[in-house]
Amino acid sequence: MASPNGGDDFESSLLSFEKLDRASPDLWPEQLPGVAEFAASCKNPINNSPPKWMAELESEDIEMLKELGSLTTANLMEKVKELQNLAYQLGLEESREMTRGKFLNILERPKK
């Protein structure tokens, strides 16, 4: 059987002290396009200007985002269900109005 020190020598012989340069795009290609640019933009967190997507939001929109962000999971799911029901009701109402317009010949194309 091998001596206890022999095992340590074997393990130490397996160690590599080589320094790998991760700056080389040939050796380490970017696996997900755009990740490097995103990481570079996150390195400087001190940025006074709002993100591009927030620039177009009005104060009402921002307040709604804050309100939705403060909801619990159950409350958020309830809000989503309410919005789905509202969308369904609007779809039914639009269908009725379109049918009504068809019967009244409002949507008929002019004859050439």
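Residues numbered from 1 in each chain as written. Predicted model: local features only at pLDDT ≥ 70, side-chain atom pairs only at ≥ 80, totals over all residues. Heavy atoms only, no water.

Asker: Describe in detail the overall build of the chain, supporting the description with residues and values.
Answerer: Secondary structure summary: the chain contains five helices and zero strands in total. Of the regular secondary structure in the chain, the N- to C-terminal order runs α-α-α-α-α. In the chain, buried positions account for 2% of the 112 residues. (Helix = DSSP H or I, 4+ residues; strand = E, 2+ residues; numbered from the N terminus. Buried < 20%, exposed > 50% of the residue type's maximum accessible area, 1.4 Å probe, protein only.)

Asker: Give me the pattern of salt bridges: which residues, what numbers.
Answerer: Following the criterion strictly, the structure yields one salt bridge and no others. Of the charged contacts in the structure, one is a salt bridge between Glu 97 and Arg 100, with a shortest N-O distance of 3.5 Å. Here Glu 97 pairs with Arg 100, and both are found in helix H5 (residues 73-103), just three residues apart, close to one helical turn. A residue is classified by how much of its surface remains accessible, and Glu 97, at 43% relative accessible area, is partly exposed. (Salt bridge = Lys/Arg side-chain N within 4 Å of Asp/Glu carboxyl O.)

Asker: Give a description of H5 that names residues and reports values.
Answerer: Every α-helix winds through 3.6 residues per turn, so residues three or four apart in the chain are directed the same way. Its 31 residues give H5 an end-to-end C-alpha distance of 45 Å, which sits within 8% of 45 Å, the value for a rise of 1.5 Å per residue. Phi turns positive, to about 60°, at Asn 105, one or two residues after H5. (Expected span 1.5 Å × (residues − 1).)

Asker: So, unusual backbone geometry: which residues are in play, and what are the values?
Answerer: In this model, Asn 105 sits at a positive phi of 60°, which is unusual for a non-glycine residue. In this fold, Asn 105 is placed in the segment after H5.

Asker: Tell me what's going on with a nonpolar patch on the surface, and back it up with residues and numbers.
Answerer: Taken together, Met 98, Leu 104, Ile 106 and Leu 107 make up a surface patch of nonpolar side chains, about 420 Å² in accessible area. Position of Met 98 among the secondary structure elements: in helix H5. On the basis of relative accessibility, which here comes to 45%, the residue Met 98 falls in the partly exposed class. (Patch = residues over 30% accessible without salt bridge, like charges linked within 9 Å, V, L, I, M, F, W, Y side chains within 5 Å. Areas by Shrake-Rupley, 256 points an atom, 1.4 Å probe, with all protein chains shown as cover.)

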